[in-house]
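Per-entry structural report
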Amino acid sequence: MTEHPWWRQAVVYQVYPRSFADSDGDGVGDLTGVRQHLGHIRDLGVDAVWLSPVYRSPMADAGYDISDYQDIDPTFGSLEDMDALLAEAHRLGLRVLMDFVPNHTSDQHAWFRESRSSRDNPKRDWYIWRDEPNNWRAALNAGSAWTWDEQTEQYYLHLFLPQQPDLNWRNPDVVEAMHDVLRFWLDRGVDGFRIDVAHCVGKDPEFADDQRCAAGEPLSDFNDQPYSHEVLRGIRKLVDSYPGDRVLVGEVNIRSTRRVAKYYGANDELHMSFNFPPLDAPWDPVVFRMCVREVEKELGTVAAWPTWVLSNHDNERHRTRYGGSMRRTRAAAVMLLTLRGTPFLYQGEELGLANAVITPESQVDPGGRDGARAPLPWLAAPPHGWDGKTPWLPFPPDAETLSAQRANDEPGSILQLYRRLISERRRSEALRVGDWTELPSPPEVLAYRRRAGDDTRIVAINFADHPQQFEVDGRWQVTIASEPDGEGEPFTGRLGAEQAVLLEPSR
């Protein structure tokens, strides 16, 4: 049997700490809250936890504006709390990935304060300053990517908010300082990093205007410079020098799978990169069929390992995108956990949560992403395990019926479906690392075979709101069905409305 690195066979669970669990009653989730609920994550059956940023930050962008990379923000606790979380996660057999934000710091970071103090400060060149701006646009509706600094009478670059000035990765001192950040956390036992906007660190050295920015598109949507690959090769070399199969997962939010594939390098850049088209996709068989085909073609050509993700902290929850349908959400779980690649789950999708309703009065995020960041309902009765102050955002709809407490006690809940799917994935080499072959099917059905050695599984997802007939050669039985009709019985070829099935050969 071929030996595969752990991350190729893993299921990763994203924790958004601010909304996961609150241990001190201030209405905001924290690291102790995460540690206290690691049992929920372990019982789900996943292999690793990815923590969204918990560093010191003024929170202009929910922690992605970092003022100290080597400390924990008091909102979330302390370095000692982080060490305790790492120790408990490792005791439970869970690896921990941290968010690494290399493109920009907070404008309150000591480095930027020095940089903007005068034009001849030694750290001036740690950031990107110009006498004249170009037409580059910032994300998060921030307008121009350049902000005028009155004190030194130059513009500084920020591909996101003005409070997030971009680092100059062409300066060797910046490279070394950021490598020191990685060493700091690797030495504490972190198992890897999710790299925020990994494609943005390299900038066009000519600073040329871009027609897409002139049309209103932010540069971060398409920035794709050769120097970003040099930066990633340096990070990969450092991470590879540590024992224990540490891993790098990149956020390369360029909507071209062929271009994203280049960020894997010659197995010397990212281990994995997020696959973004499914995060936008509606419940549509044509969209998903084309998406999977493209991933298999473009990543398969360069032997790059895919990832699959349906929800995260930046995007609308997939249940909301699917019209609020729990039936579609259950079928999507079968698809997510049986495609070839590493699945990433976002906290609460195992409970079937939809976006919270955010009013103008309750909005916090400048990018309008609060709906997906609502607190998790742990207990059925209000305040759902969030004792103390009112949580920082409202709960998602149906918080009582979709609480972890209810789901844990209900045999047919979506939580139980996720647990069974992940358990089956562990049991099946075909599902973990096998090849993927699309099977002939009706237009509204996506069907495929996974195979590794003697282990073969078939998956069929019916996107239609009425039953479909799906014929498959041989004798098969239903191992798991999103709607549990026919489980444990021979497969008759009938797929219920918006039902997904996982089949194995009949014994």
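About the cut-offs
- Residues numbered from 1 in each chain as written.
- Predicted model: local features only at pLDDT ≥ 70, side-chain atom pairs only at ≥ 80, totals over all residues.
- Heavy atoms only, no water.
- Pairing = 2+ DSSP bridges.
- Helix = DSSP H or I, 4+ residues; strand = E, 2+ residues; numbered from the N terminus.
- Contact = heavy atoms within 4.5 Å.
- Axes fitted to C-alpha atoms, helices over the stretch in contact; angles between N-to-C directions.
- Buried < 20%, exposed > 50% of the residue type's maximum accessible area, 1.4 Å probe, protein only.
- Expected span 1.5 Å × (residues − 1).
- Polar contact = N/O pair within 3.5 Å; in protein donor to acceptor, adjacent residues only side chain to side chain.
- Core = buried A, V, L, I, M, F, W, Y, C linked by side-chain atoms within 4.5 Å.

The strand order across the open sheet built from eight strands is E11-E10-E9-E5-E2-E1-E13-E12, with neighbouring strands paired in parallel fashion. Pairing within the sheet leaves two strands with one partner each, and these edge strands are strand E11 (272-273) and strand E12 (307-309). Direction of pairing for strand E1 (residues 12-15) relative to strand E2 (residues 48-51): parallel, over a ladder of four bridges. Paired with Val15 across the strands is Leu51, a residue of E2. The strands touched by helix H4 (residues 79-91) are E2 and strand E5 (95-100); relative to E5, the strand with the most contacts, the crossing angle is about 140°.

Turning our eyes to something else, we now look at the pairing of strand E13 (residues 342-346). Within E13, five of the five residues are buried, which leaves the element mostly enclosed by the surrounding structure. On E13, burial covers both faces: Thr342, Phe344 and Tyr346 on one face and Pro343 and Leu345 on the other are all buried. Judged from the three bridges that link them, E1 and E13 form a sheet pairing that is parallel. Counterpart to Tyr13 in the pairing with E13 is Leu345. In the sheet, E12 pairs with E13 via three bridges, with the strands oriented parallel. Looking at the pairing, Trp308 lines up with Pro343 of E13.

Once that is clear, we can look at helix H8 (residues 226-240). Between its first and last C-alpha atoms H8 spans 21 Å; for 15 residues at 1.5 Å apiece the expected length is 21 Å, and the two agree. Listed as buried for H8 are Tyr227, Ser228, His229, Val231, Leu232, Ile235, Arg236, Leu238 and Val239. Buried positions along H8 lie against E5, helix H6 (172-187), strand E9 (192-195) and strand E10 (247-250).

Right, let's talk about the environment of Thr152 for a bit. You can see Thr152 is positioned in the loop between strand E7 (146-149) and strand E8 (154-157). When its relative accessible area of 7% is taken as the criterion, Thr152 is described as buried. Expressed as a C-alpha distance, the spacing of Thr152 and Ser115, which sit 37 residues apart in the sequence, is 9.8 Å. Once residues lying within four places of it in the same chain are set aside, the contact partners of Thr152 are Arg116, Ser117, Ser118, Arg119, Arg124 and Trp129. A polar side-chain atom of Thr152 sits 3.1 Å from a polar atom in the side chain of Arg124.

Turning next to the nonpolar core. Counting residues in each nonpolar core, the largest one holds 129 residues, and the members touching the most others are Met82, Trp185, Leu345 and Ile461. Ranked by residues supplied to this core, first place goes to H6 with eight residues. Excluding residues that lie within four positions of it along the chain, Met82 makes contacts with Leu31, Leu51, Ile72, Val96, Met98 and Trp185. With 17 residues, the next largest nonpolar core counts Ile128, Trp136, Phe160 and Cys200 among its residues.

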